[in-house]
Amino acid sequence: MKKSILFSLPGNEALAKSLAEQLKMESGVAEFHEFPDGEICVRVESEVKNKSAILVCTLDHPDAKLLRLFFLAQTLRELGVLHLCLISPYLPYMRQDAHFKPGDALSASIFAKLLSAWVDQLITIDPHLHRIRKLSDIYSIPEIATLHAGKKMSEWIAEKIPSPFIIGPDEESQQWVGDVAGNIDAPYAIISKIRQGDRAVEIRLPELRVENKTLVLIDDIISTGTTLLAALGQLRALGHGKITCLCVHALFDRKIYDSLLAAGAERIVSCNTIPHFTNELDLSGVIAAELKV
Ligand code: R5P
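Treat the numbers as computed from the prediction; the structure is a model and nothing was measured.

Engineer: Just to check I follow, could you spell out unusual backbone geometry for this structure?
Structural biologist: What is expected of a backbone is that most residues other than glycine have negative phi and most peptide bonds are trans. With a phi close to 60°, N212 is a non-glycine residue in the positive phi region. Within the secondary structure, N212 is located in the loop between β12 (200–204) and β13 (214–222). At K242, a residue that is not glycine, the phi angle is positive and equals roughly 50°. Note on placement: K242 falls in the loop between α6 (226–237) and β14 (243–250).

Structural data, given as structure tokens:
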């Protein structure tokens, strides 16, 4: 069997360390040097020949991270690595899954082609599968594992939220919300949403019977916060307060966090697919379990 060695790309150290400990795996050392002109150089300091390399690199704000990943992947191959696995808990560009306007790039597919040429295995968590139904429709990576945060979210809700009523803020969220609610036999409802722009959505609440319930809004991604702000605004107007917001991938900043609190969120919590100050649910065990298979 090939020996494995695990590398962290900058910013992914906590998850990489946790995985290396759980799997008792060697941690690789790769140094990234940035030249005064902004170009970078990677140096692999570990012995990697004939090993299987695992790269931990979540890809939020991807454009700044991709070259580091590419240089490391290529250098490892050149040094004799036999198999390259990328763990990217957040997979980017998945929301650009259609030509929304004439001439638009189909970025999800273009990005998939790019990444597919770099690695032999991809492990990711709850990619935004909407118009694209499964990753293998656009990725040609031989081994793809799409993992889910649903079980962890259900456990967290069961432990922390008395009498939860789960709400998904748009039709796509049905897949996550239905799963999470089903795991703990909680009632749920789905809001209708039409996106009009990056920071503009129109939403319509279904009829809600939520007396004596604690509302939990669940989305896969919080980015500009527009979706949840709209949902919170309407829920608050109907007299519902103290709403917990839970997401898998936290792409938002402090300003948006504060706006969500001001709009009626009592608590905002995320999974550690992207290192973020709202991380409360640790998915390293879910990834480690996949790597053990
Ligand atoms: C999109 O449909 C996703 O499921 C999320 O609802 C969306 O990405 C959230 O983005 P924002 O916070 O910018 O509204």
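Having seen it, we continue.
Engineer: Looking at this structure, how should I read the environment of I54?
Structural biologist: For I54, the location among the structural elements is in strand β5 (residues 52–56). Placed 59 residues apart in sequence, I54 and K113 show a C-alpha to C-alpha distance of 20 Å. With near-sequence residues (within four places) excluded, I54 lies in contact with S4, I5, L6, F7, M25, C85, I87 and L291.

Engineer: So what exactly am I meant to see when it comes to empty space enclosed by the protein here?
Structural biologist: Remark: the empty space left among the atoms is shown by a probe the size of a water molecule rolled over them. Going through the model one piece at a time under the given rule, you end up with one cavity of 30 Å³ or more. What lines the largest cavity is simply Y90, L91, P92, Y93, M94, R95, D126, P127, H128, I221 and H249. Looking at the lining of the largest cavity residue by residue, the classes come out as seven nonpolar, two polar and two charged.

Engineer: When you look at the site of the ligand in this model, what are you seeing that I'm missing?
Structural biologist: Near the ligand there are 15 residues, and of these E172, D219, D220, T224 and T227 occur at the shortest range. At 3.1 Å, a side-chain N or O of K193 approaches an oxygen atom of the ligand. In this structure, an oxygen atom belonging to the ligand sits 2.8 Å away from a side-chain N or O atom of R195. Out of a free accessible area of 370 Å², the ligand has 95% covered by protein chains. Structurally, the ligand is housed in the largest pocket. Looking at the shell around the ligand, the elements that each hand over two or more residues are β11 (192–197), β13 and α6. No other element matches the four residues that β13 contributes to the shell around the ligand. Grouping the amino acids of the shell around the ligand by side-chain chemistry returns two nonpolar, six polar and seven charged.

Engineer: Help me understand the sheet that holds strand β2 (residues 26–27), please; the structure alone is not making it clear to me.
Structural biologist: Strand order in the open sheet made by the six strands is β2-β1-β5-β6-β7-β8, with parallel pairing throughout. Edge positions in the sheet fall to β2 and β8 (143–147), since each has one partner strand and no second. Inspection of the sheet shows strand β1 (residues 4–8) paired to β5 by five bridges, in the parallel sense. Residue pairing for β5: S4 is matched across the bridge by S52.

Engineer: Looking at this structure, how should I read the side chain of S88?
Structural biologist: Assignment of secondary structure puts S88 in the loop between β6 (83–87) and α3 (107–116). Of the residues examined, S88 reaches a relative accessible area of 0% and is grouped as buried. Among the polar contacts listed, one links the side chain of S88 to the backbone oxygen of Y90, at a separation of 2.8 Å. Aside from chain neighbours lying at most four places away, what touches S88 is C57, T58, L59, L122, I123, T124 and I125.

Engineer: Sorry if this is basic, but what is going on with the pairing of strand β9 (residues 164–168) here?
Structural biologist: Within β9, five of the five residues are buried, which leaves the element mostly enclosed by the surrounding structure. Burial of β9 is two-sided: the residues P164, I166 and G168 facing one way and the residues F165 and I167 facing the other way are all buried. In terms of strand pairing, β9 meets strand β10 (residues 188–190) through three bridges, oriented parallel. Bridging across to β10, G168 finds its partner in I190. The β-α-β motif built from β9, the intervening helix α5 (residues 174–183) and the parallel element β10 has right-handed crossover chirality.

What counts, and where the lines are drawn
- Residues numbered from 1 in each chain as written.
- Predicted model: local features only at pLDDT ≥ 70, side-chain atom pairs only at ≥ 80, totals over all residues.
- Heavy atoms only, no water.
- Helix = DSSP H or I, 4+ residues; strand = E, 2+ residues; numbered from the N terminus.
- Contact = heavy atoms within 4.5 Å.
- 1 Å grid on protein atoms, 1.4 Å probe; cavity = no way out; pocket = protein on both sides within 12 Å on 5 of 7 lines; lining within 4 Å.
- Points joined across faces, edges and corners; volume = space filled by probe spheres on them.
- Nonpolar A, V, L, I, M, F, W, Y, C, P; charged D, E, K, R; others polar.
- Near = heavy atom within 4 Å.
- Polar contact = N/O pair within 3.5 Å; in protein donor to acceptor, adjacent residues only side chain to side chain.
- Areas by Shrake-Rupley, 256 points an atom, 1.4 Å probe, with all protein chains shown as cover.
- Sits in = over half its atoms within 2 Å of the grid points.
- Pairing = 2+ DSSP bridges.
- Buried < 20%, exposed > 50% of the residue type's maximum accessible area, 1.4 Å probe, protein only.
- Right-handed = clockwise from strand over helix to strand, strands pointing away.

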